[in-house]
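One letter stands for each residue in the lines below.
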Amino acid sequence: MPSSAPARIAGMSIEELEALMAELGQPAYRARQTAAWVHRRGVRSFDSMTDLPAELRALLSERAELAQPLVRESRRSRDGSVKLLLELEDGERIESVAIPDEDGRLTACVSTQAGCPCGCVFCMTGRSGYRRNLDSAEIVCQVSAAASSAGRPVTNVVFMGMGEPLLNLEEVTRALSVITDRRCVGIGSRHVTVSTVGIPPAIDRLSGFRGQVGLALSLHSAVEQTRRRLVPYSRRWSLADIRESLVRYSSAVNRPVTLEYCLIGGVNDSRAEAEALTAFARGVRAKINLIGCNRVEGLPWRSPSPRAMKAFRDWVAESCPVVTLRASRGSDISAACGQLGGVSGGVSGSG
Ligand code: SF4
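Residues numbered from 1 in each chain as written. Predicted model: local features only at pLDDT ≥ 70, side-chain atom pairs only at ≥ 80, totals over all residues. Heavy atoms only, no water.

Asks: What's the story with the overall build of the protein chain in this structure? I'm lost.
Replies: In terms of regular secondary structure, the protein chain is built from eleven helices and 14 strands. Expressed as lengths along the three principal axes of its C-alpha atoms, the size of the protein chain is roughly 70 × 40 × 35 Å. Classification of the 351 residues of the protein chain by burial places 56% in the buried group. Of the contacts made within the protein chain by residues no fewer than 6 positions apart, 65% connect residues no fewer than 24 positions apart. As displayed, the protein chain has an accessible area near 14600 Å², and 48% of this comes from carbon and sulfur atoms. Distance from the positive charge centre (44 side chains) to the negative charge centre (37 side chains) of the protein chain: 5 Å. (Helix = DSSP H or I, 4+ residues; strand = E, 2+ residues; numbered from the N terminus. Buried < 20%, exposed > 50% of the residue type's maximum accessible area, 1.4 Å probe, protein only. Contact = heavy atoms within 4.5 Å. Areas by Shrake-Rupley, 256 points an atom, 1.4 Å probe, with all protein chains shown as cover. Lys, Arg positive; Asp, Glu negative; His and termini not counted. Charge placed at Lys NZ, Arg CZ, Asp CG, Glu CD.)

And the structure:
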């Protein structure tokens, strides 16, 4: 970080905060105090950090910032999910979703890029193109915005909003450090999942992160030709290479990966596609999530009928018992997979 740029406290790990405190001539424990004010108490000004000396508060006001995105719009779904339209300092707009469930969990679905270069054909974000990467502070602040919207702490985080997280790996890894550190946001790494279209070199790098972060592959078809059509960015790697990287990741973090499969009527819901999916999953420690494609205005893709989706699940279950047909959340407010971006007038989705 250039010394002239203000330090963006919300996106800094404890180690980075300690380095900042050292620069300011302060003891290391001031880093933990500052992090607690930002992540636990959600203060909006350094002056509110009353257990810091006045001299340090003044220094922080000069050298650092507590960037908080503006909540431009908030839409609540019938199922309790809340979609937030957030405006960043440069006017860029992104979306996040807070998803409560009946077990008391609150999941924040966060964006990692403004726009996305991957171009998945069923996704609003993919159609808008790429604008820029988010920095760590902009990613972490989405977790606090989700908590504020729900009035309670976030328990789980999924990197499944706008953008491909592994194309912004450096800032995503910094954000993971802040989110999973007990001295900062403090959500256990086993409650955090990063979703990707499948970029083997970046998957290998992510496996070096210190926690057991979950990995979800947006697979959508295990037939090369179909997948290249649905997820154009994936043309760079073969399904075999992606599969091998999943095996390595699962082994490195000692937890199963998730294969996400968005069912599209007449495109990837045939018996042959189900067999390709089970062949792909064989030998991978994986659970499979099936979900019906969400309707996106202007796009032709439709979910198969409930009966066709159950038939697909049953075909897969013949060989892969760990398969779930999930209900879509937040589709009535365009907050479901592939639908993000509607309220901003742009177009968006979910890696
Ligand atoms: S589905 Fe995810 S990776 Fe694909 S275009 Fe949309 S945001 Fe990007």
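Asks: In this structure, what is going on with the pairing of strand 12 (residues 257-263)? I would like to understand it.
Replies: Side-chain direction in a regular strand flips from residue to residue, so the side chains alternate between the two faces of the sheet. When you tally the buried positions in strand 12, you get seven out of seven residues, the bulk of the element. Burial of the side chains of strand 12 extends over both faces: Val257, Leu259, Tyr261 and Leu263 are buried on one face and Thr258, Glu260 and Cys262 on the other. Sheet topology note: the strand 11 (residues 214-218)/strand 12 ladder contains three bridges and is parallel. Across the sheet, residue alanine 216 finds its bridge partner in strand 12, namely threonine 258. (Pairing = 2+ DSSP bridges.)

Asks: Help me understand the sheet that holds strand 6 (residues 106-109), please; the structure alone is not making it clear to me.
Replies: Across a sheet, paired strands are connected by hydrogen bonds in the backbone, their directions being either parallel or antiparallel. With respect to topology, ten strands assemble into an open sheet ordered 3-4-5-6-9-10-11-12-13-14, the strand pairing being mixed. The outermost strands of the open sheet, each flanked by one partner alone, are strand 3 (70-76) and strand 14 (323-326). Averaged over neighbouring strand pairs, the angle between their axes works out to 20 degrees when direction is ignored. (Axes fitted to C-alpha atoms, helices over the stretch in contact; angles between N-to-C directions.)

Asks: What is the right way to look at helix 9 (residues 239-253) in this model?
Replies: Residues that lie three or four places apart on an α-helix share one face, since the helix turns once every 3.6 residues. Taking 1.5 Å per residue, 15 residues should reach 21 Å; helix 9 reaches 21 Å between its end C-alpha atoms and fits that length. Taken as a whole, helix 9 has its buried residues at Leu239, Ile242, Arg243, Ser245, Leu246, Tyr249, Ser250 and Val253. With its buried residues spanning 160 degrees around the axis, helix 9 presents them on a single face. Elements in contact with the buried residues of helix 9: helix 7 (200-206), strand 11, helix 8 (224-230), strand 12 and helix 10 (271-281). Residue asparagine 254 follows helix 9 closely and has a positive phi angle near 55 degrees. (Expected span 1.5 Å × (residues − 1). Arc of directions from axis to C-beta.)

Asks: Could you clarify how one ought to interpret the pairing of strand 11 in this entry?
Replies: Among the five residues in strand 11, five count as buried, and that is most of the element. On strand 11, burial covers both faces: Gly214, Ala216 and Ser218 on one face and Leu215 and Leu217 on the other are all buried. Pairing analysis gives four bridges linking strand 10 (residues 192-196) to strand 11, with the strands arranged parallel. Residue pairing in the sheet places valine 194 in a bridge with leucine 215 of strand 11.

Asks: Explain the domain arrangement of the protein chain here, please?
Replies: Often, the extent of an interface is quoted as the loss of accessible area on bringing the components together. Looking at the protein chain, the domain boundaries give domain 1 (7-65) and domain 2 (70-333). In this structure, domain 1 and domain 2 have C-alpha centres spaced 33 Å apart. Contacts between domain 1 and domain 2 engage 14 residues on the former and 17 residues on the latter. On the surface where domain 1 and domain 2 come into contact, there are five salt bridges. Linking domain 1 to domain 2 there are seven residue pairs in polar contact (both at pLDDT 80 or more). If you list the elements that add at least two residues to the side of domain 1 that touches domain 2, you get helix 1 (14-23) and helix 2 (29-40). The element best represented in the side of domain 1 that touches domain 2 is helix 2, accounting for five residues. The class makeup of the residues in the side of domain 1 that touches domain 2 is five nonpolar, three polar and six charged. (Domains from an automatic or database assignment. Salt bridge = Lys/Arg side-chain N within 4 Å of Asp/Glu carboxyl O. Polar contact = N/O pair within 3.5 Å; in protein donor to acceptor, adjacent residues only side chain to side chain. Nonpolar A, V, L, I, M, F, W, Y, C, P; charged D, E, K, R; others polar.)

Asks: I tried to follow the packing of aromatic side chains on my own but got confused; where do I start?
Replies: The description of two aromatic rings rests on the distance between their centres and on the angle between their planes. If you walk through the whole model with that rule in mind, you get three aromatic pairs. Plain terms: the ring middles of phenylalanine 312 and tryptophan 315 are 6.4 Å apart, the flat faces sit at 65 degrees to each other, and that makes the pair edge-to-face. With phenylalanine 312 and tryptophan 315 both in helix 11 (residues 306-317), this residue pair falls three residues apart, about one helical turn. Exposure remark for phenylalanine 312: the relative accessible area of 0% places this residue in the buried category. A relative accessible area of 25% means that tryptophan 315 is categorised as partly exposed. Members of the aromatic cluster, each reached through a chain of ring pairs, are Tyr261, Phe312 and Trp315. Across from the ring centre of tyrosine 233, 3.8 Å away, lies the NZ or CZ of arginine 236, which sits over that ring. (Phe/Tyr/Trp six-rings, centres within 6.5 Å; stacked < 30°, edge-to-face > 60°. Lys NZ or Arg CZ within 6 Å of the ring centre and 35° of its normal.)

Asks: Is there a simple way to explain the environment of serine 148 in this structure?
Replies: Assignment of secondary structure puts serine 148 in helix 5 (residues 136-150). Relative accessible area serves as the criterion here: at 56%, serine 148 is assigned to the exposed category. Sequence separation of serine 148 and arginine 271 is 123 residues, and the distance between their C-alpha atoms is 44 Å.

Asks: Even after reading the chapter, I still don't get the packing of helix 5 against helix 6 (residues 169-180), so can you show me in this structure?
Replies: Relative placement of two packed helices is described by the angle separating their axes and the distance separating the axes. Packing of helix 5 against helix 6 leaves a shortest axis separation of 8 Å and a crossing angle of 40 degrees. One way to sum up the angle between helix 5 and helix 6 is to call them oblique. Of the two possible hands of crossing, helix 5 and helix 6 adopt the one that is right-handed. Within the contact between the two elements, helix 5 uses Ser136, Ile139, Val140 and Val143 and helix 6 uses Glu171, Val172, Arg174, Ala175, Val178 and Ile179. Considering only residue class, the contact of helix 5 with helix 6 consists of seven nonpolar, one polar and two charged. (Parallel < 35°, antiparallel > 145°, perpendicular 65-115°, else oblique. Left-handed = near helix turned anticlockwise from the far one by under 90°.)

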